[in-house]
Amino acid sequence: MVQLFDGDVLTREVLDWKGVHLFHFHGSSCSQKTRVCLNLKGIEWKPHEIDLGNGENYTKYYLGINPRGLVPTLIINGEVHIESNDIITVLDERFPDHNLIPKGMATEITKLLHHEDDLHLDLRTISFRFTQPRGRVPRSAETLQKYRDFGSGRVQGQVDKHKDRELEFWETTADIGITDDAVRISANRFRVAFEELDQKLEVSNYLLGESITVLDVAWIIYVNRLVRCGYPLERLHPNLNRWFWPLREINEFDKELTVSPELQKAVNDHHQLQRETATTLIDVAGL
Ligand SMILES: N[C@@H](CCC(=O)N[C@@H](CS)C(=O)NCC(=O)O)C(=O)O
């Protein structure tokens, strides 16, 4: 569990907040995951939107809450929790109605969620090339300097190395862009992970049996993003495709996963251009 220590949090006001508050961004995959869980569990919560497009996550205020500068962050009765998989686990413990972590499966689920979290930078790599155009340098040098300067830099009292990994991603992207090789590597990681999921779904309706768990919520977010990027789900993973569409249409999922018509148009136009230049995800990753 990544519950921050008192000294990690520089924006002190949140420590007095009562109830459930979520710092999130509409289009962020990790935020979508937590919002779907909140919906399925029927938990009342107060939204605090952090606009990643404007770099609001790199302000002194937000880095004072989440030293990693990432969304989502959960504040629950003054406790600060970061990392989406930990957040959904905390929510399931504190609000046992509509349980999404079946009894006795917490350890196995934590392990399986780790595997999903490991693919997060791969998701970003693919999203940045195959959704709407993001510009040559998606995070400016000035923004990254704020990222280095603000926040305690500490998670659970320890100097946090996670920020270095994030900085490396943005610096490399600014230097060389997202290369075809990076796309191939990331897409292949997803292909392997999706093959495993596809096998599980040969014998059950959901990933861990016959009811929805946090694992279904976590993976559907990734599958949804990959499909939006042009990943050929139906052709490569028919069981996963059969699982995905009906689940995605449930209101608790649909309202978090549907993007605005303007954004969808920008993605469609980008894909049209990529088809004309044979640079779609299928072309580049050889899927
Ligand atoms: N492992 C973290 C990853 C969080 C993460 O990377 N969030 C992304 C959005 S999905 C973010 O905040 N990115 C910052 C940015 O794009 O500047 C989690 O699961 O919460």
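For the structure, check the block above.
Quantities reported herein were computed from a predicted structural model and do not represent experimental measurements.

Peer 1: Mind laying out the pattern of salt bridges, listing which residues take part and the relevant values?
Peer 2: Side-chain pairs of opposite charge can arise where the charged atoms are in close proximity. All chains considered together, the criterion is met by 15 salt bridges. The salt bridge involving Asp-122 is made with Arg-189; its shortest N-O contact spans 2.7 Å. Here Asp-122 is found in helix 5 (residues 120-130), whereas its partner Arg-189 is found in helix 8 (residues 180-203), with 67 residues between them in sequence. We classify Asp-122 as buried; its relative accessible area is 6%. The partly exposed category is assigned to Arg-189, whose relative accessible area is 44%. Note that Arg-129 and Asp-180 form a salt bridge whose closest N and O atoms lie 3.0 Å from each other. In this pair, Arg-129 is assigned in helix 5 and Asp-180 in helix 8, connecting sequence segments 51 residues apart.

Peer 1: Tell me what's going on with the packing of helix 5 against helix 7 (residues 162-176), and back it up with residues and numbers.
Peer 2: The axes of two packed helices give the description: the angle between them and the distance between them. At their nearest, the axes of helix 5 and helix 7 sit 12 Å apart, and the two run at 20° to each other. By the angle between their directions, the pair helix 5 and helix 7 is classed as roughly parallel. Like other packed secondary-structure pairs, helix 5 and helix 7 cross with a definite hand, here right-handed. Where helix 5 abuts helix 7, its residues Leu-121, Arg-124, Thr-125 and Phe-128 lie against Arg-165, Glu-166, Phe-169 and Trp-170. Broken down by class, the residue content of the contact of helix 5 with helix 7 amounts to four nonpolar, one polar and three charged.

Peer 1: Mind laying out the site of the ligand, listing which residues take part and the relevant values?
Peer 2: Around the ligand there are 16 residues in total, and Tyr-58, Val-71, Glu-83, Ser-84 and Arg-139 lie nearest to it. Here Ser-84 contributes a side-chain N or O atom positioned 2.6 Å from an oxygen atom of the ligand. Between the ligand and the protein, one listed contact pairs an oxygen atom with a side-chain N or O atom of Arg-139 at 2.9 Å. In the complex, 94% of the free accessible area of the ligand, which totals 510 Å², lies under the protein chains. Elements that contribute at least two residues to the shell around the ligand include exactly helix 1 (29-41) and helix 5. For the shell around the ligand, the residue count by class is seven nonpolar, five polar and four charged.

Peer 1: Which residues make up unusual backbone geometry, and what values go with them?
Peer 2: Following Val-71, the chain continues into Pro-72 via a peptide bond in cis, with omega recorded as 5°. Summarising the element assignment, Pro-72 is placed in the loop between helix 2 (60-63) and strand 3 (73-76). Positive phi is not limited to glycine here, since Asn-77 has a value of about 45°. Here Asn-77 shows up in the loop between strand 3 and strand 4 (79-82). The backbone phi angle of Gln-156 is positive, close to 50°, even though this residue is not glycine. Relative to the helices and strands, Gln-156 resides in the loop between strand 5 (154-155) and strand 6 (158-159).

What counts, and where the lines are drawn
Residues numbered from 1 in each chain as written. Predicted model: local features only at pLDDT ≥ 70, side-chain atom pairs only at ≥ 80, totals over all residues. Heavy atoms only, no water. Salt bridge = Lys/Arg side-chain N within 4 Å of Asp/Glu carboxyl O. Helix = DSSP H or I, 4+ residues; strand = E, 2+ residues; numbered from the N terminus. Buried < 20%, exposed > 50% of the residue type's maximum accessible area, 1.4 Å probe, protein only. Axes fitted to C-alpha atoms, helices over the stretch in contact; angles between N-to-C directions. Parallel < 35°, antiparallel > 145°, perpendicular 65-115°, else oblique. Left-handed = near helix turned anticlockwise from the far one by under 90°. Contact = heavy atoms within 4.5 Å. Nonpolar A, V, L, I, M, F, W, Y, C, P; charged D, E, K, R; others polar. Near = heavy atom within 4 Å. Polar contact = N/O pair within 3.5 Å; in protein donor to acceptor, adjacent residues only side chain to side chain. Areas by Shrake-Rupley, 256 points an atom, 1.4 Å probe, with all protein chains shown as cover.

Note that every value here comes from positions in space, so none of it alone points to a role or purpose.
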